[in-house]
Every structure is written in C-alpha cells, then in structure tokens.
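# Fold and contact review
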Amino acid sequence: MDIKELFAKQEEMKQKNLNAKNEKESEITKVMTFYIGDQVYGIEIPSVIEIIGVPHITVVPGIPYYIKGIINVRSKVVPVIDMRSRFGKEEKEYTDRTNTIIIEEAGVSVGVIVDEVIGVIPVFQKNIANSPDRIGVNDNKFIKYLLEMPDGIKLVLDVAKLIYDGDMYLVEE
Amino acid sequence: MAKVEPGMEAMVDVYIFETTALLEQLDEILLRTEKANEFTEEDINEIFRIMHTVKGSSAMMGFENLQVLAHKGEDMFFIIRENPEKMTDVGFVYDLVFQMSDLFKAEIDMIQNDDDYEPTDFSDMLAKLEKGAKMLKGELDGINADDSASAASPAADDTAAAAAAAAPDCTTVRVFFEDGCKMENIRAFMLINNVKESVDDVEIVSYIPEDIESNQDSANVIIDNGFILSFRAPDVKAVLSAIESSLNVESYEVIDANAQKAEEAEQAAAEAAPVQQETAAAGSPAAPSAPAPAAPKPAEKPKAESKAPAASSGGGKQSLISVNLQKLDQLHDIVGEIITTESMVISNPELEGLRLESFTKSARELRKLTADLQDTVMSIRMVPLTGPFQKMNRIVRDMKVKLNKDVELVIEGDTTEVDKSIVDNLNDPLMHLVRNCMDHGIEDTAEQRIAAGKPAKGTIKLSAMSSSGEVIITISDDGQGIDTEKVIAKAERNGLLMKPASEYSEREIQNMILLPGFSTNDVVTEYSGRGVGMDVVKSNLSKMGGSLTVESKKGEGTAFIIKIPLTLAIVDGMEIMVGDAEFTVPISVIKESFIVKRDQILNDTKRGEMIMIRGVCYPMLRLNEKFGLYSEVNDIEDGIVLLIESENRGICLFADKLIGEQQVVVKPFPKYLSQYDIKGQGLSGCTIMGDGSISLIIDVNNLIGSH
C-alpha cells in the first residue's frame, strides 16, 4: 500500500467522523411545544398551520365527546378536538391562555385545543429518545418520539395517528 | 387510471373525454339514420370522421387494440362511403357498429378506472367487422368492384389513377405541405374534408396516395411527390381557394393536361405501392404507437382541427372549452367565500351607528356585483339534460329489439339545465326507470295494446321542466299501469305491509314498488326484475336531495316523477336559533311556521308531543332535545314551530326563534368527521354565515327518518 493510498484513507476516515458529528449536531426539525396539564407535548412545525385562541365552537351531534364541534377558520370548516379529554384527562374551562392549534395532514385539517402554547424549539438527533413500545399508557399510540431536553422530557405527538385515529380509518372516503 | 406511456398521462383525460363524446355522437347518428332508414352522405362522412379521429387518438395514446378496432369500423364505412346509394338495407351494419361502440365504451371505462389495465382482445369483434365489410363488398361486387376495393389493396391506386386520367372534366392539383409540419397524410385527409365542407357540389374523384388514412408512411410519399387530388366541381376556383386556405398548405399547382396527370398519377402510384408493401410486411394494419408519442404535439393539432369543421357544419359556431370540474369547484368555493367575507365587511359591528353614505353606496354596488359573479359561476356549472336523455334512445332501441316491443321514445324539455354533479348522477336512475317502463310498463304484445284500444306502438315519454329551484323529470309510459291488487299481494308475500291490506290507499300501494326488496316481475330478465332496482333508484335520488314518486292508472300507464334540486351547492334556507346554535332549514320543505298554544298539543302515551293541523296529526320534534342543546326556551308558547314536509311525511320542529331567510352556500362537513354518522342525525352539511358563525343545515328526510 503506498503512501498516497494511506493518505486518502485517512482523509476518508476524517470526513466520516465529521459527518457523524454533524449528524448528531444538525437540526432535524422544529417542534412547537405546549402544555396539556403539567406535561409538555410537542407537534412538529411542518404540521402546524396556525395557532388561534378558542373561537366559537358549533356543536355537532353524533360525534365522540372529545370532538367539541366545528369552527370557522378563515372560511374553512375545521373540527376541533379537546386534547385533555382525548387523553382521558379531566376537562377544564377554556381561558385566555387556551389555544387551538390547527394542524394538517394529507389535506385533512383538525384543530386541537391545548392548555397553553409554550413556544418553538429546535430538535437535534441527540435529543431524540426512542418511543417506548408499550408502557401501558393509554395515549402512547399518539407519541412519535420523546425529546430529552435540559428542561425536561417532551412528548412529540404523531399528527398522522392523531388525525387518522386508530380503529376508524374511514377518513379517506 | 391505466398506465400509459410516460409523458402521456395528462393526455389520457383528454383522450377519454373526447373519445366518449365522439362515441356518443356516433350512437346518435346511427339512431337517427336507423330511424330514417337512410344514410345521407353527410352522416357517412361524419361517422367516417369519428372513426378516424378515434383511431388516430387511440394510436397516439398507444392503445393498439382500440386503434385496430376503430380501423376495422372505418374500413366498413369506407366501403359504404364509396357507394352510399347502394346502402339501403344494411341493418346488420347498425348492430355491428353498436356492438363496436359498446366494446369501445367498456374499454375506455377500464382505462379510466382500472389501475392494472390490460388491453382486451377484440379479435371476435374484429372478425365480425371484417365479415361485415366482406358482406358489404360482396353486395357491391357486381356494381362497382374497383371503387369498393378498400384502400389496403395496392391495385386501387392504379385504378384511381386511371379513373383520374379517364375523367376529362376533372381538375387535378398537386399540393405540397409546409416542411416539417409532420403527419402529412392526416393533413391531406383534412384537406379533403376541408374542401368537401367549404365547397358545395364538389366531387372528389381520386387522390394519390390513396391510403392516407391507413398508412402512416404515405406521409413520406406526400413529402416527396406532393399530394395529388382530382376533383370535379362547377366552381373550380372556390375549391382552389379552399385548398389554399387549408392549414399547413405551402403551395399547390394545377395539373391540366390529362396525359401528364395520368403519367404522374401512375408514377406516384408506383412509388406508393412499395411503401405499402413494406408496412404490410411489418404486420399490423397501422404502425404501433412508436411514431405517435414521438410527435404528440403535431398529432394533437390535426385532431383539434378535424373537430372544428364538424362543429361549424352543424349550424352556428359553438365556442366551447372544456374545463376541469375541480377548477370549477374551486372557483365556486372562492366565490362562496367572497360572499361570506363581503357580508362580514358590510355588516361589521364596528360600523354600527356610523353615517357612511358613500360606503353604503359602494357596498350596495359590491353586493350587486358579487351576486352577478355568483350567478355566473353557478351558470357555468349548469348543463342541459340532453346528454342523459339522449342516452335513453339507445336503451330503448336495444330493448325494443330484445323484448320485441314496438316503442317510441319521446323526449321533451331536454334543454332544461341542472348542475353538472346532478346530471352525472342522473344516468343510472333514468336508465333504470326507462328500462322499467319498457319491461313492465308497456304491454308484452301489440295485440294486447290494440285490444285495450291503444295504438300498437307504445310510447315512453321523457320530459323535464324546472319549477322554483327544482327540476321535475317525468318518465311515463302508456302501458298497462300498475296492478294494485298484484302489488299488494306481492307486498304481503314479502312481508312489507305495516297495516291491514285494506287500509292502504291506491297511491300508497303504487309507491310500494319503490320499497326495498320489491319486484313485480316474477321472472328475472336481463334488464329488470332483480328486485334491487327501484329502491336503489330512490335512494340514489334522495342522496342528491331528490325524490321519486309513482303515479299510475291501471290500463292507462305509469309515470315516475323525479324531483331534484337545481343545484346542490346553494340552498334557500330559513335560519333558526336553538339555544346558541344556528340551523338552516331548506325553504322548499317548510310548509308553514306558527306559534302554538299549549292546549293545541296532544300527548301520546310515550310522552311524545303531537299537534293537530287542519285535521292531520303531526309529531312534534324539539330540536334542542334532539341535538342535545341547552336552550332557555322550553315553553312551547315562547318558541316557534315549523311544519316541514318531505316525501309525503310531515313533522313539526320546535325552535327558539326564526332569524330570517337567507341563501346559503352548502359546505360538506369536514373530512375528519365523515367517519361519524352525522347525516343520520338529520344534518346534511353546514354553512358559514355572514358573521363568521357556522350554521348546520337540516336534512329533512333523515330527520324525519331518525325520529
């Protein structure tokens, strides 16, 4: 093996290490965080269309209790889900801090009512902890991954699963 | 959608649209000519043109089987075209062409809907068509063998050349097309069409090369030698100017001397022949898709051009464009939003109490314009019922033969316009009803009819008229009518009776045939009698917000009456409040609204409330209880009662108060909610009000049904 080849190999290794480091350091996405009760949850920014307060909700009969009804978001009729009651928590009266986050997945828009929006944080590969398969928590199926941040663990929600909810896969129709 | 060659996907839609339209046109012509029992030259040319266009576009899209099929059909009409005067009794041609057009339609349907589309093998049909062509030729052999020889035979060229040379009074021109305009053979064909259409009394004697329609390589011959056309016409100049004005014609020269003409014709024929043999050796009648996709754009053009003259020949020029329905829906949505937003601006609470003279004036102007805009957008979506009505001609024709009944279909008011989405959904119900009239309505034999004092020929009438936001379509026959005794006996057998048979009114009994699981025909035929027909028709219609009723008189006939809304998108509604929720009730179902006194209310044994109005007892439905809403108005005397009626069933709704009448734009519930049965709760959709709030639209049929 001549010196040139060795040199090239060394360079290659260096580059590889650098790449790996970059991968850990580089920002993957941004997540919007919010409270539901005391727990901090997040939704990836690309899914978020907008954040509004709680507008007048028109009650629609014949739908599950956690879907509060429909709202008018700039001439679009959007259903709203109360996340507290979706996650089996006790419902709370809406305040000035209560927000509706309008999310969209594959052309289907849904508003989710959360206690309070905190802000937007960048997410790096190193922050992501794998989601537990099953720890017996009822709402696990909505969690995409966990974020371990210096200020605590945040649960990032899987918007697709939230919209194409479990056993009722009829949305496409 | 079927997979097509890369880059052609966008064209498939256009192909399907155009071809379907052409095939319908073909059906129409055939039905007309069959009735009149004669082919006019114009008809033959039209059919020929349709076949040719279909063939060309199929080849372009790479649907080889369809191309071959159209080609065979074209061959047959080629023979007819050459000898139109001999085609007086050619009944079998109709059957053949109808069969072919059905196969075509089925195949196109598959292309449209089937992801793993596999071309169907049409060899049976091809053989039939070939046989048909041979029979035609056989008939003609003794009369004019040479002329009837199809273009595929090289010998025809010589004959044509000789004919051109022999005819002393004809004029021959040699036409050159622009360099690189491509598909010269098609252009030459178009040129002939153009000449025929623009000049009266012109007779095309011959042209060289002769096989421009079937042989793609003839384009090369035209490039080299020009296209030689011999014609006979009183006004030669007019023909020449028609040639000159044809598209892509670069130059032409008149060849005067007969001798020269013959010589050149011969030469051209000699040159054309080898080319033909070459393709014949290559196998299939026309080259496969290869050359077509290579030049999709130029190929598209002649197709469009060939359509244009046809449209203009049928009278005044029609300036139509086809638009994607999705875009129209989008436009419609936007207009709906503009109207909503406009109300938000104009009746903005912040403006209250201000003196705004010029603002009010401009606002009025704006409102007028948006109303115009809305009307225009609505009218774009409106299409006449001609399409679905004309299709029934075909059904009657087919069934007439199969059932051996002589029936005439009379169409009235087919220019009545309804929303496109409704027309699309109307085909199946209409077809079912017409079949029902043919099968069950009209008497089995002419003798029965004559015995009943009716003309031997039965009549089925299809009529449409619009009346106040609704279209009423009547399908009636002058047949035997509904035998109420038979119906009630059958209903009893099938366990459909709810009360003793003697208590049913005639009208109720007649409408029993619309119940699920009812079919009076004991024998299942190809067309009806499966017992799924009428109730499916009814439910399909009510899905569009329509209704179906039957009126019949024994011995005189039966009429099916369809009522459908003009449009699904806009509803004239009455706004009502229940608690803090707003609802829209379609005006068309409201019979009256009134305030009731407590003592008018009757209570049944199950705590249900009823009210007696003019001798009829209606159940009372409190909307707040029905929809689980909190309302402060619980005393029946404080609120308002609406009497609504639909499909002969009535109910009274109790609401807090009326707000007023308003035209609303119907929006469906969000997709996310389609997994829940909101419709079953009696709500058909929602609408956004001027103040941005949402009002739910009450679906009266479901509301009554769910009560």
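In every chain, residue numbers begin from 1 and rise along the written sequence. As they are written, the chains are lettered A onward and the ligands numbered 1 onward, keeping that order. Only residues with pLDDT of at least 70 get local features here, since the model is predicted, and only at 80 or more are side-chain atom pairs given and counted; chain-wide, interface and lining totals rely on the full set of residues.

### Digging into the overall build of chain A
- Helix numbering and strand numbering both begin at the N terminus, where a helix is a DSSP run of H or I of at least 4 residues and a strand a DSSP run of E of at least 2. If you tally the helices and strands in chain A, you get three helices and 11 strands.
- Sequence-ordered secondary structure for chain A, helices as α and strands as β, is α-β-β-β-β-β-α-β-β-β-β-β-β-α.
- The exposure label follows from counting other C-beta atoms within 10 Å of a residue's C-beta, where the C-beta atoms are placed from the backbone and the thresholds are 20 or more for buried and 12 or fewer for exposed, leaving partly exposed in between. When the 173 residues of chain A are sorted by exposure, 27% land in the buried category.
- Each residue gets a C-beta atom placed from its backbone, and two residues are in contact if those atoms lie within 7 Å. The contacts of chain A with a sequence gap of at least 6 include a subset with a gap of at least 24, amounting to 54%.

### A word on the overall build of chain B
- Helices and strands together make up the secondary structure of chain B, namely 22 helices and 22 strands.
- The long-range share in chain B, meaning contacts at least 24 apart out of those at least 6 apart in sequence, stands at 73%.

### What to know about helix H2 (residues 41-61) of chain B
Residue and element names in this part refer to chain B.
- The length a helix should cover is 1.5 Å for every residue beyond the first. Its 21 residues give H2 an end-to-end C-alpha distance of 30 Å, which sits within 8% of 30 Å, the value for a rise of 1.5 Å per residue.
- With 15 of 21 residues buried, H2 lies mostly within the body of the structure.
- Positive phi appears at Gly62, one or two residues downstream of H2, with a value of about 85°.

### A word on the interface of chain A and chain B
- Each side of the interface is counted separately: chain A has 20 residues, and chain B has 24 residues.
- When residues of the side of chain A that touches chain B are traced back to their parent elements, those giving at least two are strand S4 (67-73), strand S5 (76-82) and strand S7 (108-114) of chain A.
- Here the side of chain A that touches chain B gets three residues from one element, more than from any other, and that element is S5 of chain A.
- Split into classes, the residues belonging to the side of chain A that touches chain B amount to 14 nonpolar, five polar and one charged. Residues are sorted three ways: Asp, Glu, Lys and Arg are charged, Ala, Val, Leu, Ile, Met, Phe, Trp, Tyr, Cys and Pro are nonpolar, and all the rest, Gly among them, are polar.

### Points about the confidence of the model for chain B
Residue and element names in this part refer to chain B.
- Note on scores: pLDDT gives the predictor's confidence for each residue, bounded by 0 and 100. The predicted model of chain B averages 74 in pLDDT, with 79% of residues at 70 or higher.
- Every residue in residues 526-531 is under pLDDT 50, and counting partners more than four places away or in other chains gives 19 contacts.
- Two summary scores accompany this predicted model of the complex, namely pTM at 0.49 and ipTM at 0.76.

### Some remarks on the nonpolar core
- We call a set of buried Ala, Val, Leu, Ile, Met, Phe, Trp, Tyr and Cys residues a nonpolar core when their C-beta atoms link them within 7 Å. Formed by 67 residues in total, the largest nonpolar core has its most connected members in Val112 and Leu157 of chain A together with Phe583, Val585, Leu623 and Leu653 of chain B.
- Looking at this core element by element, the count peaks at five residues for strand S12 (residues 570-578) of chain B.
- If you look at the next biggest cluster of nonpolar residues, it comprises 37 residues, including Val434, Met438, Ile442 and Ala491 of chain B.

### Quick notes on the packing of helix H3 (residues 64-82) of chain B against helix H4 (residues 91-113) of chain B
Residues and elements named next belong to chain B.
- With their axes 11 Å apart at the nearest point, H3 and H4 run at an angle of 160° to one another. With respect to each other, H3 and H4 are oriented roughly antiparallel. The interaxial crossing formed by H3 with H4 has left-handed handedness. Listed contacts from H4 to Leu66, Leu69, Gly73 and Met76 of H3 are Val93, Val97, Met100, Leu103, Phe104 and Glu107. Interaxial angle, 0 to 180 degrees, is taken between N-to-C directions of lines fitted to C-alpha atoms, where a helix line uses only the stretch in contact. Oblique is the label for every angle not falling under 35 degrees (roughly parallel), over 145 degrees (roughly antiparallel), or within 65 to 115 degrees (roughly perpendicular). For any helix crossing, the convention is left-handed if the near helix is rotated counterclockwise from the far helix by under a right angle, and right-handed if that rotation is clockwise.

### Regarding the environment of Val254 of chain B
All names here are of chain B.
- Inspection of the secondary structure puts Val254 in strand S4 (residues 249-255).
- Spatially, the C-alpha atoms of Val254 and Val173 are 4.3 Å apart, while their sequence positions differ by 81 residues.
- Excluding its chain neighbours within four sequence positions, the residues that come into contact with Val254 are Thr171 and Val173.

### With respect to unusual backbone geometry
Residues and elements named next belong to chain B.
- Unusually for a residue other than glycine, Asn404 sits at a positive phi of about 55°.
- Turning to its location among the elements, Asn404 is positioned in the loop between helix H15 (386-403) and strand S6 (407-412).
- The phi torsion at Arg614 lies on the positive side, around 45°, for a residue other than glycine.
- Position of Arg614 relative to the elements: it lies in the loop between strand S16 (609-613) and strand S17 (616-622).
- Given 4 C-beta atoms within 10 Å, Arg614 falls into the exposed group.

### Some points on the packing of helix H7 (residues 184-198) of chain B against helix H8 (residues 218-225) of chain B
Residues and elements named next belong to chain B.
- Axis separation between H7 and H8 bottoms out at 7 Å; the angle between their running directions is 75°. Classed by the angle they form, the pair H7 and H8 counts as roughly perpendicular. Here H7 contributes Glu184, Asn185 and Ala188 to the contact with H8, which in turn contributes Ser218, Ala219, Ile222 and Ile223.

### Considering the sheet that holds S5 of chain A
Residue and element names in this part refer to chain A.
- Strands were regarded as paired on the criterion that DSSP finds at least two bridges between them. Read from one edge of the open sheet, five strands run S3-S6-S7-S5-S4, paired in mixed fashion. Only two strands of the sheet have a single partner each, and these edge strands are strand S3 (48-52) and S4. If you compare each strand with its neighbour and ignore which way they point, the axes differ by 30° on average.

### Observations regarding the environment of Thr484 of chain B
All names here are of chain B.
- With respect to the helices and strands, Thr484 occurs in helix H18 (residues 484-493).
- When the 18 C-beta atoms within 10 Å are taken as the criterion, Thr484 is described as partly exposed.
- Sequence separation between Thr484 and Ile513 is 29 residues, and the spatial gap between their C-alpha atoms is 10.0 Å.
- Once residues lying within four places of it in the same chain are set aside, the contact partners of Thr484 are Glu506, Ile509 and Gln510.

### Topic: the sheet that holds strand S15 (residues 601-603) of chain B
All names here are of chain B.
- Taken together, six strands build an open sheet; the order of strands is S14-S18-S19-S17-S16-S15 and the sheet is mixed. Each edge of the open sheet carries a strand with a single partner, namely strand S14 (590-594) and S15. On average, each strand axis in the sheet is inclined to that of its neighbour by 35°, with strand direction left out of account.
- Examined bridge by bridge, strand S18 (residues 640-646) and strand S19 (residues 649-655) share seven bridges and lie antiparallel to one another. What sits directly across from Val641, in S19, is Phe654.

### Focus: the confidence of the model for chain A
- Here chain A shows a mean pLDDT of 79. Residues at 70 or above account for 82%.
- Low pLDDT, under 50, characterises residues 166-173 of chain A; the predicted model gives this stretch 12 contacts beyond four residues in sequence or across chains.

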